[in-house]
Amino acid sequence: MDKISKVIKTRLEKADKRHFAADNISEFIKDGEKEELISELTEQFEQVLDSLVIDRFNDPNSMDTGRRLAKMYINEIMAGRYDPAPSATAFPNEPNHVTNEKYDGMLVVRSELKSMCSHHHQPVTGIAYIGIIAADTLIGLSKYTRIAQWCARRGTLQEELAMDINREIRTATGSDDVGVYIQAIHGCCENRGIMAHSSLTQTSVLKGSFHTDPGTKKEFFDNIKLQQEFAPR
């Protein structure tokens, strides 16, 4: 009997579906198969521990580490690959009952992020600022963060993550005017290589008026500065 990872991979290949570290493959995973993946991964991580010459049978700190790692990857740090997109309840941008005008201003949401660098599988920790000019569809404030975290919990690069969040917010809201700015610290710079403890990296993806209108762009980044000034420390 084929391993569950091979079964899923065969489905992806038959559908000509890309399955990079940052891709969501949830539609190709059936009920119960995530648990099967965890069981398969447990064995693989145990082999890694064995190859590291770690006595996982007698070392109390290493017993069951293989399964802990497997669950962490599937259910936590890479859950954005295996779980479907969070439901984003949408409601119409109704005209105000007094002025009969729809809200057409800017909204800026601050979202904390945990991600993972696909090069070295080191943690990436940061903040995403999501700006949007309201269109005909609105979503709840928490949904911006849920979408951003869903995109982040994969193996990815910060540049790619900013593009993914921008695309998913535009899809959920129907707005063409979306800006995403991310600042994050990378474990692959802090914990290996240059060992830099000030590895703050900033990326931005601006679409619609955030890209074409200098005033909208300035308002977005001015709002970010205000949020940074008053954010809890």
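Below you will find a few notes about this structure. (Residues numbered from 1 in each chain as written. Predicted model: local features only at pLDDT ≥ 70, side-chain atom pairs only at ≥ 80, totals over all residues. Heavy atoms only, no water.)

Counting 24 residues, the largest nonpolar core has L113, I165, I169 and I182 as its most contacted members. Sorting the residues of this core by element identifies strand 2 (106-117), strand 3 (123-133), helix 5 (141-152), helix 6 (158-173) and strand 6 (178-186) as the ones contributing at least two each. If one sorts the elements of this core by residue count, helix 5 sits on top with 6 residues. Those residues in contact with I165 that lie beyond four places of it in its chain are L113, A128, I130, A148, C151, V180 and I182. By size, the runner-up hydrophobic cluster in this structure holds 15 residues, among which are I4, I25, I74 and Y82. (Core = buried A, V, L, I, M, F, W, Y, C linked by side-chain atoms within 4.5 Å. Buried < 20%, exposed > 50% of the residue type's maximum accessible area, 1.4 Å probe, protein only. Helix = DSSP H or I, 4+ residues; strand = E, 2+ residues; numbered from the N terminus. Contact = heavy atoms within 4.5 Å.)

With that settled, consider the pattern of salt bridges. Side-chain pairs of opposite charge can arise where the charged atoms are in close proximity. Counted according to the given criterion, the structure contains 12 salt bridges. Where R67 meets E35, a salt bridge forms, and the shortest distance between an N and an O atom there is 3.7 Å. Residue R67 is located in helix 3 (residues 65-77), and its partner E35 is located in helix 2 (residues 33-51); the two are separated by 32 residues in the primary sequence. Between K102 and D136 there is a salt bridge, with the nearest N and O atoms lying 3.3 Å from each other. Of this pair, K102 sits in the loop between strand 1 (90-92) and strand 2 while D136 sits in the loop between strand 3 and strand 4 (137-139), placing them 34 residues apart in sequence. The class of K102 is partly exposed, set by a relative accessible area of 41%. (Salt bridge = Lys/Arg side-chain N within 4 Å of Asp/Glu carboxyl O.)

This part covers the environment of R56. Within the secondary structure, R56 is located in the loop between helix 2 and helix 3. With 128 residues separating them in the primary sequence, R56 and A184 have C-alpha atoms 34 Å apart. Filtering out sequence-adjacent residues up to four positions away, R56 remains in contact with E46, L49, D50, S62 and M63. In terms of polar contacts, R56 uses its side chain to reach the backbone carbonyl oxygen of E46, at 3.5 Å. (Polar contact = N/O pair within 3.5 Å; in protein donor to acceptor, adjacent residues only side chain to side chain.)

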